[in-house]
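# Remarks on the overall topology
Listed below are the residues making up each chain.
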Amino acid sequence: GESVGLHLPTLSVQEGDNSIINCAYSNSASDYFIWYKQESGKGPQFIIDIRSNMDKRQGQRVTVLLNKTVKHLSLQIAATQPGDSAVYFCAESQNFVFGPGTRLSVLP
Amino acid sequence: GAGVSQSPSNKVTEKGKDVELRCDPISGHTALYWYRQSLGQGLEFLIYFQGNSAPDKSGLPSDRFSAERTGGSVSTLTIQRTQQEDSAVYLCASSSRGGNEQFFGPGTRLTVL
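Residues numbered from 1 in each chain as written. Chains lettered and ligands numbered in written order. Predicted model: local features only at pLDDT ≥ 70, side-chain atom pairs only at ≥ 80, totals over all residues. Heavy atoms only, no water.

## Points about the state of the cysteines
Residue and element names in this part refer to chain A. Note the following rule: Cysteine sulfurs are considered disulfide-paired once they come within 2.5 Å of each other. Counting from the N terminus, the helices are the DSSP runs of H or I reaching at least four residues and the strands are the DSSP runs of E reaching at least two. Burial here depends on accessible area, computed with a 1.4 Å probe over protein chains only, as a share of the maximum for the residue type. Under 20% is buried, over 50% is exposed, and the range in between is partly exposed.
Applying the stated rule across the entire model yields two disulfides over all chains. Shown here is the disulfide that connects cysteine 23 with cysteine 90, its sulfur atoms set 1.7 Å apart. In this structure the cystine formed by cysteine 23 and cysteine 90 twists about its S-S bond by roughly 50 degrees; its chirality is therefore right-handed. Taken together, the residues cysteine 23 in strand β3 (residues 19–25) and cysteine 90 in strand β9 (residues 86–92) connect sequence positions 67 residues apart. Take cysteine 23: its relative accessible area is 0%, and that puts it in the buried class.

## Quick look at the interface of chain A and chain B
Heads up, the rule is: Contacts: residue pairs with any heavy atoms within 4.5 Å of one another. Reported buried area values correspond to the accessible surface (1.4 Å probe) lost by two parts on association, with both partners' losses combined. Any carboxyl oxygen of Asp or Glu that lies within 4 Å of a side-chain nitrogen of Lys or Arg is treated as forming a salt bridge with it. Within 3.5 Å is the distance limit for a polar contact, defined as a pair of N or O atoms, with the added protein rule that one can donate a hydrogen and the other accept it, and that residues adjacent in sequence qualify only through two side-chain atoms.
Each partner contributes residues to the interface: chain A has 16 residues there, and chain B has 18 residues. Buried surface at the junction of chain A and chain B, both sides included, amounts to about 1300 Å², of which 58% is carbon and sulfur. Interface area lost by chain A to chain B is led by Pro44, Phe96 and Phe98 of chain A, which between them contribute 45%. Taken together, chain A and chain B are joined by zero salt bridges. Here chain A and chain B share two residue pairs in polar contact (both at pLDDT 80 or more) between them. Of all elements in the fold, only β4 (32–38) and β5 (45–51) of chain A reach the threshold of two or more residues within the side of chain A that touches chain B. By residue number, the principal contributor to the side of chain A that touches chain B is β4 of chain A, which donates four residues.

Remember that the coordinates give geometry; whether it matters functionally is a separate question.
The structure is reproduced here in structure tokens:
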């Protein structure tokens, strides 16, 4: 069956460092992925998306990389800030499949 | 407001009772989704509405779960004869069309005693 999973359930980084959150997917036909951020007590919020015809997409302080060969994508957050503390989900958008999430904790 | 709203924000019910959860999507969004999120878990897809098409019910866990969307806008998720394992946060999202960025509501936290 389809699955979207994350390599690490938790990630702690020092404020100012870069964060990398990884995600693996199983459906090679997936062509659209989204990263969401979910703060405590709130619904997920869109961060950035990428289509399968791209390898990289950049936003403000965030970059998503897609490696279709190994069915892997990552979210990179530059200069991580306390406000970045949240759970991050990757999602394969076509079939509404979300990974289990990675909790990012930013240490002062 | 401009966002997705859900009501109630919290619902406590007794095992065996029926509950209705409401979702008001962003005006003009044709796609509406329901998800379930258990504590510390990811999102579990339940059902998807797109315009006037038949809904994708493939994620509904049992026939106790049903959802409708009236007039292409408001949606209600109904859980009949609730069980303790139904306790979770139920999230609704909408998008301008299926497969696009989804805008989520704050969720309804359901607790079944």
